[in-house]
Amino acid sequence: MEHNCIFCKIVKGEIPCSKVYEDDLVLAFMDIAPINKGHILIVPKKHYLSLTSVPAEYLEAMMKIAPTIAQCAVREIDGDAFNLHLSNGQCAGQVVPHVHLHVIPRKATDGFNFGWRALTYEEGTEKDELAEAIATRIEKKLAE
Ligand code: 5GP
Ligand code: ZN
């Protein structure tokens, strides 16, 4: 547990939250400043800054419960769909330094836009070269 981490304090019960689900490994609670009402955060009960350091058992617990939590949130707000979102690292938008998976129920009429963009690769081999370089890294990483 990290001393100054707000989500660790929530996990320990030192700061209140509106809990929707808990098991041995994860806690899920309402986001205090939701994109849509019913926006929920799923966090591992142990402190990890980055998704890349979260052990498989916690990852599994987070992802396994996410569809159920999402479906129930969608039903409850009479929504149509949901987004799962995780900001990993500061420039990706991570503000709280304790890994958390956002579950955001969506309505066709909610007017929210993630601001997605669609760049293009140079004509030729740029995309395939990048894919190959990433694939090589993955292979090496998995062999470590
Ligand atoms: P991030 O930007 O790091 O992906 O998301 C952090 C999220 O945590 C934000 O959506 C923010 O509203 C939420 N949040 C920050 N502080 C608290 C808190 O004290 N309680 C709850 N329930 N949510 C919080
Ligand atoms: Zn923490």
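The structure under discussion appears in the preceding block.
Residues numbered from 1 in each chain as written. Chains lettered and ligands numbered in written order. Predicted model: local features only at pLDDT ≥ 70, side-chain atom pairs only at ≥ 80, totals over all residues. Heavy atoms only, no water.

Colleague: I keep staring at the nonpolar core and nothing clicks. Help me out?
Modeller: If you look at the biggest cluster of nonpolar residues, it comprises 17 residues, and the most contacted ones within it are Val26, Ile40, Ile42, Met62, Ile69 and Val103. When residues in this core are grouped by element, the largest group, 8 residues, is from helix H2 (residues 56-76). Judged by nonpolar contacts, the second largest core, of 10 residues, contains Ile10, Leu27, Leu41 and Val96. (Core = buried A, V, L, I, M, F, W, Y, C linked by side-chain atoms within 4.5 Å. Buried < 20%, exposed > 50% of the residue type's maximum accessible area, 1.4 Å probe, protein only. Helix = DSSP H or I, 4+ residues; strand = E, 2+ residues; numbered from the N terminus.)

Colleague: Explain the pairing of strand E2 (residues 26-30) to me, please; I cannot follow it from the model alone.
Modeller: Moving residue by residue along a regular strand, the side chains alternate between the two faces of the sheet. Counting buried residues in E2 gives 4 out of 5 residues, a clear majority hidden from the surface. Two successive antiparallel strands, strand E1 (residues 19-22) and E2, enclose a turn made up of 3 residues. Bridge count between E2 and strand E3 (residues 40-44): 5 bridges; the pairing is antiparallel. Of the residues in E3, the one forming a bridge with leucine 27 is valine 43. (Pairing = 2+ DSSP bridges.)

Colleague: Just to check I follow, could you spell out the coordination of the zinc ion (ligand 2) for this structure?
Modeller: Each pair of donors in an ideal octahedron of six around a metal sits at 90 or 180 degrees, and each pair in an ideal tetrahedron of four sits at 109.5 degrees. Taken together, the protein ligands of the zinc ion (ligand 2) are Cys5 (SG), Cys8 (SG), His47 (ND1) and His98 (ND1), with distances of 2.0 to 2.3 Å. Given 4 donor atoms and angles of 105 to 118 degrees at the metal, the environment of the zinc ion (ligand 2) is assigned as tetrahedral. Expressed as a motif, the donor residue spacing for the zinc ion (ligand 2) is C-x2-C-x38-H-x50-H. Here histidine 47 lies in the loop between E3 and H2 and cysteine 5 lies in the segment before helix H1 (6-12), a separation of 42 residues in the sequence. We classify cysteine 5 as buried; its relative accessible area is 4%. On the accessibility criterion, histidine 47 (17% relative accessible area) is buried. (Donors = N, O, S within 2.8 Å, 3.2 Å for Na, K, Ca; no water. Tetrahedral: all angles 85-135°; square planar, octahedral: opposite > 155°, others 65-115°.)

Colleague: Looking at this structure, how should I read the pattern of salt bridges?
Modeller: Inspection of the entire model under this criterion finds 5 salt bridges. For lysine 45, the salt bridge is made with glutamate 22, and the minimal N-O distance between the two is 2.7 Å. One end of the pair, lysine 45, is in the loop between E3 and H2; the other, glutamate 22, is in strand E1, and 23 residues separate them in sequence. Judged by relative accessible area, glutamate 22 falls into the partly exposed class, the value being 36%. Each of Lys19, Glu22 and Lys45 takes part in salt bridges that share partners, so that together they form one network. (Salt bridge = Lys/Arg side-chain N within 4 Å of Asp/Glu carboxyl O.)

By themselves, these are just geometric observations and shouldn't be taken as functional.
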